[in-house]
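These are the residues of each chain, in order.
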Amino acid sequence: EWWKHQQVNSARRDAAAAWPPDPWLVQSKNTVVGHSERLVEFAGVSSPVSGVQLNKRFSLDPLHPSRVKVAAEVINIRETENVSWDIWFNTRVNAATNVYVPVDGESSLRKQTPFSDSASPLTYAIKDNVFTLLTPPPEAGKNERSGKFFIQPSQGWLAAFNDDQLLIIQFPLLDKSLIHPEQGHIELYMRYTGDKPEQGLLELEVHAAYKTLQPGKRMVAEETWILLPYLGGNDEASRLSFLQREIIRLGALY
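As the structure is a prediction and not an experimental result, all values here were calculated from the model.

1. What about the nonpolar core?
Counting residues in hydrophobic clusters, the biggest one holds 36 residues, and the most contacted among them are Ile 87, Val 101, Phe 131, Leu 133, Ile 151, Leu 188 and Leu 204. In terms of residues, this core owes the most to one element, strand β15 (residues 186–193), which gives four residues. Ala 159, Leu 166, Ile 247 and Leu 250 belong to the second-largest nonpolar core, a separate cluster that totals 15 residues.

2. Points about the sheet that holds strand β11 (residues 130–134)
Read from one edge to the other, the open sheet built from 10 strands follows the order β1-β2-β3-β4-β18-β14-β13-β7-β11-β10, with strand pairing classed as antiparallel. Every other strand in the sheet has two partners, leaving β1 (31–36) and β10 (123–127) as the edge strands with one partner each. With strand direction ignored, the average angle separating the axes of adjacent strands in the sheet is 20 degrees. In this sheet, strand β3 (residues 52–60) lies alongside strand β2 (residues 39–46) in antiparallel orientation, the contact comprising six bridges. Paired with Ser 46 across the strands is Gln 53, a residue of β3.

3. Some remarks on the packing of aromatic side chains
This structure, assessed with the given rule, holds nine aromatic pairs. Where Trp 2 meets Trp 19, the ring centres are 6.1 Å apart and the plane angle is 40 degrees; that geometry is what we call tilted. Of this pair, Trp 2 sits in the segment before α1 (10–14) while Trp 19 sits in the loop between α1 and α2 (23–26), placing them 17 residues apart in sequence. Just above the ring of Phe 150 sits the side chain of Arg 110; from NZ or CZ to the centre is 4.1 Å.

Procedures and definitions
Residues numbered from 1 in each chain as written. Predicted model: local features only at pLDDT ≥ 70, side-chain atom pairs only at ≥ 80, totals over all residues. Heavy atoms only, no water. Core = buried A, V, L, I, M, F, W, Y, C linked by side-chain atoms within 4.5 Å. Buried < 20%, exposed > 50% of the residue type's maximum accessible area, 1.4 Å probe, protein only. Helix = DSSP H or I, 4+ residues; strand = E, 2+ residues; numbered from the N terminus. Pairing = 2+ DSSP bridges. Axes fitted to C-alpha atoms, helices over the stretch in contact; angles between N-to-C directions. Phe/Tyr/Trp six-rings, centres within 6.5 Å; stacked < 30°, edge-to-face > 60°. Lys NZ or Arg CZ within 6 Å of the ring centre and 35° of its normal.

These results come straight from atomic positions and should not be treated as a statement about function.
Here it is as structure tokens:
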């Protein structure tokens, strides 16, 4: 509902447009308000579309050089109206990335159909309560695979292997009741063409709690990125074995 709660563009509002994103939040220049060797803080501009100001903070862990904490703060800048939103992190990688999410089984998933008639649906597997996307070529007569999974994870992390690197994103695990019903705590969007997933796109999305803010009130969400070298085999058993050891070693950050 990006354009339904504003008076700036009546055509977008009347069309109940879900696209494009709020340009005040996505395209405006931010102001650096804090900066040190291990920290940078940005203040965004006030958006008449979303009714909020979005501030961002990136900080390096002084004890663990592989970790970066990413925080976002939303402030209701409207004088008399409440606003209701959630904070949404989106990390983009290519579709050849092997992604893993801990789940409690099929009941943790909701699947979105392909976005065009020329696309095949996405495929996946669940093994030992870990979800992963698969990348077979599109079905005969189709030119791509695309779609989205909405996932309620069983633990506060997702993991992505690409070549000799492992990215783990940790975040506070929230009850499903706190997530907007049209969203997922984790959302995985993927699109790729033919038999070359490395040319496609995979989005690793994490939604925070959906909240209503009174004028002047704020909310904050954060996640931690952990980047590790991976020198194991290019097979699922090797990746999962390494991942399980690292998750135990790292422990829960939240």
